[in-house]
Every structure is written in C-alpha cells, then in structure tokens.
Amino acid sequence: MGYSDFVSLVESGRVIRVTIQGNNISGLTAQGPFHTFAPKDPQLITLLKGKGVKISAKPEEGASWLRMFLSWVPMLLLVGVWIFFMRRMQGGGGNPLSFGKNRASLLSDSREKVTFEDVAGIDEARDELQEIVDFLRDPGKFTRLGGRIPKGVLLVGAPGTGKTLLARAIAGVADVPFFSISGSDFVEMFVGVGASRVRNLFKEGKKNAPCIIFVDEIDAVGRRRGAGLGGGHDEKEQTLNQLLVEMDGFASNEGVILISATNRPDVLDPALLRPGRFDRQVVVSVPDVMGRVGILKVHVKKTPLSNDVDIKTLARGTSGFTGADIENMVNEAALMAARRGKNRLEMIDFEDAKDKVMMGPERKSMIISEEEKRVMAYHEAGHALVARLLPGTDPIHKVTIIPRGRSLGLTQQLPINEKHTYPKDDLENNISILMGGRAAEEIVLNTQTTGVASDIEKASGLARKMVCEYGMSEELGPVAFGKKEAQIFLGSEFTRHRDFSEMMAQRIDEEVRNIIIGAFEKATRLIEDNLGILHKMANTLLEKETLNSGEIDELMVREKSGLGAILFT
Ligand code: ADP
Ligand code: MG
Ligand code: ZN
C-alpha cells in the first residue's frame, strides 16, 4: 500500500491499530492486515492519535546492529593496519613495540662456516683483516709502543669481489663474538628508529667485548649528509650522526672493532672516513689471473672435472671476472654438463658457461638470413685477421658468429699477462682491431652495416681517452682535458666538466678523428694485403660458426705457404 493511501485510510477512520518499526508500518483494518513504508512524517503520530488508532512500536532489529557495526569499522580498520605495519616492520612476528632493538645477528656455527680457505685471490685484504683479529686477541703487543688500535676497517671493492665472504671468514677464525648487520637494517620509516638501533648495537658490542661488529653495505646509512634529491633526509642523517657519535664514544682499547663493507666509497660521508673512525680502508680488488686461478680452484672443489679442464686457460679467459662471476660460471658449467648428461665437467662446458655469463645465453631461435650471416662472418673475420696480423696484440682465443645476449658475433682475445698500463702502440692496435670489422665489410661486401655500432663506440671512447686523459696526442701534448665529476645524486656516473675553450674542443675532436681514421686505414691495408685469408676464414666461419685459436692458426699457416702474403708493417 502506498503511504498516501495509508494516510487517507487513517483519515477515513478505518484503521484499527498500527505497529511501527523504523520505517515499517503494519496495521489492521476491518478488511484485513496491511503494510506500508513511511517517510519521516512528524505529523503521522498526531494524525493517528487524533483518529484513535492503537499505536505500538518495536525496536528496529538487524538494522541497529548493522549501524553499530558500521560505526566501528573505521576504528577496526585503523587498528588492523597498525598491527599489520608493526608486524611488517619487525620482519614478521615479535613484539610490535620493540622497534629500536638492534637487529644484528650473532654469527655462530649454525650457518655453514666460511674459512680463509674459501677466500682466494684477495690475499692483501685477507692479511689486513687477519691483523685486526690479532689486535683483538692480544692488544698489549701492539699498544706497547704507544700505537693505537684501529677502531674501524672499511672494505671497499666492486660488487662480488668477496667483501661479505671475507667478513664471514673473519667471523670463523676470530674466536670473538661477531655481530653482523646490514646497513639497510637500520633504515626504517620512523624517524629515530635507526639511531636507536645503532645505539643498541654498540651497547651490545661493548657488553660482549672483545668483539667485531660488521656492517655490510654501509652506504645505506653512511651517505653524505645534505645530499640526495628532495632535501634533507632526517632519519638517515640521525642514524649516521648516531653512528659517528658511537664510533667516537668508545675508546679503541675497549676491544670493539667495526668492520664495514661498501662498493660506493665515493658517496660516503667524509666524516665517516676520517682517521679515528675508519682508520683503515682495505681495497678488495677484482682478482688478477693468479687470483682467478685460486678462486676457480675453490669453486671447482665440489665438481668432478674431466682431465681436459685447464684452470689456467679459464683464468686467462675470464679477465675482469669477480669472484661472484667465477662462482656463477662454475655453477653454469655444472648445470650445462648435467643437462648434457655427462658425469664430469669438460672444458667445453666451462667455455660455454663463460660465454653465457659474459654475454648472455645463446640466441638459437634468432633467425638470421644467409646474407646477414655472410656479413657477420666477414665482420668477425676482419677483427680476427687484424688481431692476428698486428704485432704485440693478445692472441685470439676464439671467433664466433653465434649470437648471444646483445651481440651478434664475437672475437675474443686472450691476454697472456694481465697488464696494468698500456703503451700507446697497444691502444692504437686495439682501435685497429675494432675497425677491422667495418673494414672487412667495406672491402669485400662494399657495404656499411649497423652491426659496428659498439665497435665504433668503443674505439671512439678509447681514442678520446688517449687524447684527453693519457696525453698521447702529439699535437696537443700531455695535457688533461675535462675534469671528471662524480654526481652523487645521480648514481656514480661521471660527467665531464668542460674546462677548455671552444677552439680546443675542435682540436680534440680532430685528433680523436685522426687516430680513428689512421687505425681504420691500417686495418684496411692489412686486410687488403691478406684478402685470401679473410675469404678463407669467413667461409670456414660460415661453415663451423665458431673457430678456436688452433683452427685460426691453421688457416693462417696454410694461406701463408700458399700465397706467401703475410707481410705487414
Ligand atoms: P660482495 O663483495 O659483493 O660482498 P660476496 O662476498 O657476497 O661479494 O661474494 C659473492 C660470492 O662470490 C661469494 O659467496 C663467493 O662464492 C664468491 N666469491 C667472491 N669473491 C671470492 C673470492 N675471493 N674467493 C672465493 N669466492 C669468492
Ligand atoms: Mg656483500
Ligand atoms: Zn665487431
């Protein structure tokens, strides 16, 4: 029944009684029961009374519960969110109110023990840390002549060079409590929490002295103050300040030594680095050949090797690999051998693993037309030929036209001895080798392709460095052009600050260009004089896809006797 019908029904005096429950009105007339919904009508009761209708009311059921519940929901939600964040902050579980507690873990035998035997190739860093352990064991011996025991040691090195590993090894041999924490563990969204964690960490340390506190990745808290986009970062600065205060706060004879590791010493706050805090900086360098031999030996211990595996050659071919890269390579080799159904790892597994780690997996599915393959073969053969013909260059290890990662083909040289400085001739020869690819394309196929982009980029970079950094330009002399500036805000990328005139800029560009053109001409001459070998090499490459050093040697020799053409200046 509509409300107005109901009202007229009441007015006509036919309604006997009604029951009101919220908006629901049910009632009885002489004709029978009825039901309606009422709007909020303040006059209704007066009307009903006036007509002598019997009124009864009932509490709103259900609806009231709902209303009560709804009024509580925001509250409950807030509490829920709060608990959730507290738990998150604690890394799950634990008392939500114990934020500031330090989260350092005491390294004990529960984890697999690392010993110095597991660390190879970074002997200097190891010896340095060994000395720290000796300090802790017998401080008197060192302080007897008035010396002061260092408070802190900073391990600096590229990622994967074994800093964390070294610290864990120290924990294994030190016989003193070893607290380990990562810099990011201090960082929290609430201001003041980091600082209180630092405080507690050192309190704990002093209680357990003599002991070592290891803060991994300290750059997370030790970033230069006042830097960083978006203004001051109060929480981080407070944490760092607390760290500085704590480091000053204990005397060095208290037997707490702080070891930290970072791969970004350039972004650390200078206050952190001054003597009296981190007295020593130990550089953990990328391993050299002998270092890599050692690291390889550590990691192949667990894998059965076939007799043809030559650790020395592998080490020579992995120039620039860090310990982590080497571990990764050995692991890939083991997986590869397993996939191939072998019981032992062979050299070929290591070779493939090395290429995979260096350049990404083979892209077998990549469709390359015959024509493109031919260009690639000549391009790589060009590199290889120039490299073979130029005196004093590193021997070629392998040439391949199997695409991998982002590169289409590859010519790999294998340095015999690792060098730390390079004579000008070597650099020029390297640029010639880089130019060999394009030169071969032009001579044989009479085209220029886009595949040379990275060659050209590398060559140009090298030539520019020769002029601007190494002072190898006769024209411009030994003068440095452009200052390098580290941009701590934007990562470690160096930008060149121009400190020379427009005229100089032109001459620099000219010199760079001269070097490259000269190298290109040299490469062209070499290839033209040995065109027979180039054809042969490219064809063999097309056929086999990969040539190793022995196969290249053979090609060179055979052609030599045939043509007698290997003459170069
Ligand atoms: P980071 O310097 O980045 O802390 P890690 O210490 O974490 O590097 O090294 C990662 C892994 O690489 C180690 O677990 C170890 O297996 C391997 N590794 C790195 N350096 C060495 C080394 N010098 N000797 C043996 N293994 C190493
Ligand atoms: Mg590390
Ligand atoms: Zn190339």
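Keep in mind that this is a model prediction, so the values were computed, not measured. (Residues numbered from 1 in each chain as written. Chains lettered and ligands numbered in written order. Predicted model: local features only at pLDDT ≥ 70, side-chain atom pairs only at ≥ 80, totals over all residues. Heavy atoms only, no water.)

Participant: Give a description of the confidence of the model for the protein chain that names residues and reports values.
Facilitator: For the protein chain, per-residue confidence averages 82 on the pLDDT scale, and residues scoring 70 or more make up 87% of the total. Below pLDDT 50 for its whole length, residues 487-493 participates in 17 contacts with residues either more than four positions away or in separate chains. Per-residue pLDDT stays below 50 along residues 561-569; that stretch engages in 16 contacts with residues further than four places along the chain or on separate chains. (pLDDT = per-residue confidence, 0-100. Contact = heavy atoms within 4.5 Å.)

Participant: Before we move on, could you go through the site of ligand 1 and cite the residues and values that matter?
Facilitator: Around ligand 1 there are 17 residues in total, and Ala 120, Gly 160, Lys 163, Thr 164 and Leu 165 lie nearest to it. One of the side-chain N or O atoms of Thr 164 is found 2.6 Å from an oxygen atom in ligand 1. Contacts to ligand 1 include His 299, whose side-chain N or O atom sits 2.9 Å from a nitrogen atom. For the shell around ligand 1, the secondary structure elements donating two or more residues are helix H6 (163-174), helix H11 (289-300) and helix H13 (323-339). (Near = heavy atom within 4 Å. Polar contact = N/O pair within 3.5 Å; in protein donor to acceptor, adjacent residues only side chain to side chain. Helix = DSSP H or I, 4+ residues; strand = E, 2+ residues; numbered from the N terminus.)

Participant: Can you lay out unusual backbone geometry for me, pointing to particular residues and giving the numbers?
Facilitator: Here the phi dihedral of Asn 446 falls at roughly 55 degrees; this positive angle occurs in a residue that is not glycine. Relative to the elements of secondary structure, Asn 446 occurs in the loop between helix H16 (424-445) and helix H17 (453-468). Phi is positive for Glu 545, close to 70 degrees, though the residue is something other than glycine. One can find Glu 545 in the loop between helix H19 (531-544) and strand S15 (546-548). Here Glu 545 falls in the partly exposed class, since its relative accessible area comes to 29%. (Buried < 20%, exposed > 50% of the residue type's maximum accessible area, 1.4 Å probe, protein only.)

Participant: Tell me what's going on with the pairing of strand S2 (residues 24-29), and back it up with residues and numbers.
Facilitator: Alternating positions in S2 separate cleanly, Ile 25, Gly 27 and Thr 29 being buried on one face and Asn 24, Ser 26 and Leu 28 remaining unburied on the opposite face. For strand S1 (residues 15-21) and S2, the ladder comprises 6 bridges, and the chain directions are antiparallel. Bridging from a neighbouring strand, Val 15 pairs with Thr 29 of S2. Two successive antiparallel strands, S1 and S2, enclose a turn made up of 2 residues, where Gly 22 displays a positive phi of approximately 65 degrees. (Pairing = 2+ DSSP bridges.)

Participant: A description of the packing of H16 against H19 should follow, citing residues and the corresponding values.
Facilitator: Where H16 meets H19, the closest approach of the two axes is 12 Å, and the angle between their N-to-C directions is 100 degrees. Considering the angle they form, H16 stands roughly perpendicular to H19. Residues Ala 440, Ile 443 and Val 444 of H16 lie in contact with H19, whose contacting residues are Leu 531, Leu 534 and His 535. Among the residues making up the contact of H16 with H19, the classes are represented as 5 nonpolar, 1 polar and no charged. (Axes fitted to C-alpha atoms, helices over the stretch in contact; angles between N-to-C directions. Parallel < 35°, antiparallel > 145°, perpendicular 65-115°, else oblique. Nonpolar A, V, L, I, M, F, W, Y, C, P; charged D, E, K, R; others polar.)

Participant: Describe the nonpolar core, with residues and values.
Facilitator: Ranked by internal contacts, the top residues of the largest apolar core, which has 50 residues, are Leu 385, Ile 431, Met 435 and Met 537. Elements supplying a minimum of two residues to this core: helix H15 (370-389), strand S11 (396-400), H16, H17, helix H18 (502-529), H19 and helix H20 (549-563). Sequence-distant contacts of Ile 431, defined by excluding residues within four places in its chain, comprise Ala 459, Leu 462, Ala 463, Met 466, Ile 515 and Ala 519. Among the nonpolar cores identified, the runner-up in size contains 28 residues, and Ala 125, Val 133, Ile 149 and Val 153 belong to it. (Core = buried A, V, L, I, M, F, W, Y, C linked by side-chain atoms within 4.5 Å.)

Participant: Go over the coordination of the zinc ion (ligand 3), please, and point to the residues and values.
Facilitator: Those donors, His 379 (NE2), His 383 (NE2) and Asp 455 (OD), are the protein atoms that reach the zinc ion (ligand 3), and they lie 2.0 Å from it. Ordering the donors of the zinc ion (ligand 3) by residue number gives the pattern H-x3-H-x71-D. Pair noted here: His 383 is in helix H15 and Asp 455 is in helix H17, with a separation of 72 residues, a long-range link. (Donors = N, O, S within 2.8 Å, 3.2 Å for Na, K, Ca; no water.)

Participant: Explain the packing of aromatic side chains to me, and be specific about the residues and the numbers.
Facilitator: Going through the model one piece at a time under the given rule, you end up with 5 aromatic pairs. Ring geometry for Phe 178 versus Phe 214: centroids 6.1 Å apart, planes at 35 degrees, classification tilted. With Phe 178 in strand S7 (residues 178-182) and Phe 214 in strand S8 (residues 211-216), this residue pair connects regions lying 36 residues apart in the sequence. Summarising the burial analysis for this pair, Phe 178 and Phe 214 share the class buried. Here Phe 481 and Phe 500 contribute two aromatic rings whose centre-to-centre distance is 5.9 Å and whose plane-to-plane angle is 90 degrees, an arrangement assigned as edge-to-face. (Phe/Tyr/Trp six-rings, centres within 6.5 Å; stacked < 30°, edge-to-face > 60°.)

Participant: So what about the packing of H15 against H16? Which residues, and what values?
Facilitator: At their nearest, the axes of H15 and H16 sit 7 Å apart, and the two run at 130 degrees to each other. Looking at the two axes, H15 sits oblique to H16. Between H15 and H16 the crossing geometry is right-handed. From H15, Arg 374, Val 375, Tyr 378, His 379, Gly 382, His 383, Val 386 and Ala 387 reach across to H16, where they touch Ser 432, Ile 433, Leu 434, Gly 436, Gly 437, Arg 438, Ala 440, Glu 441, Val 444 and Leu 445. Counted by class, the contact of H15 with H16 contains 9 nonpolar, 6 polar and 3 charged residues. (Left-handed = near helix turned anticlockwise from the far one by under 90°.)

Participant: An account of the environment of Thr 303 is requested, with residue identities and associated values reported.
Facilitator: Within the element layout of this structure, Thr 303 appears in the loop between H11 and helix H12 (311-317). Judged by relative accessible area, which is 16%, Thr 303 ranks as buried. Remark: the alpha-carbon pair of Thr 303 and Asn 331, spanning 28 residues in sequence, is separated by 9.1 Å. When sequence neighbours within four positions are dropped, the list of residues in contact with Thr 303 reads Val 330, Ala 334 and Leu 345.

Participant: Could you give an account of helix H1 (residues 3-11), naming the residues involved and the relevant values?
Facilitator: Here H1 has its buried residues at Tyr 3, Phe 6, Val 7, Leu 9 and Val 10. One side of H1 carries all its buried residues, which in axial view fall inside an arc of 160 degrees. (Arc of directions from axis to C-beta.)

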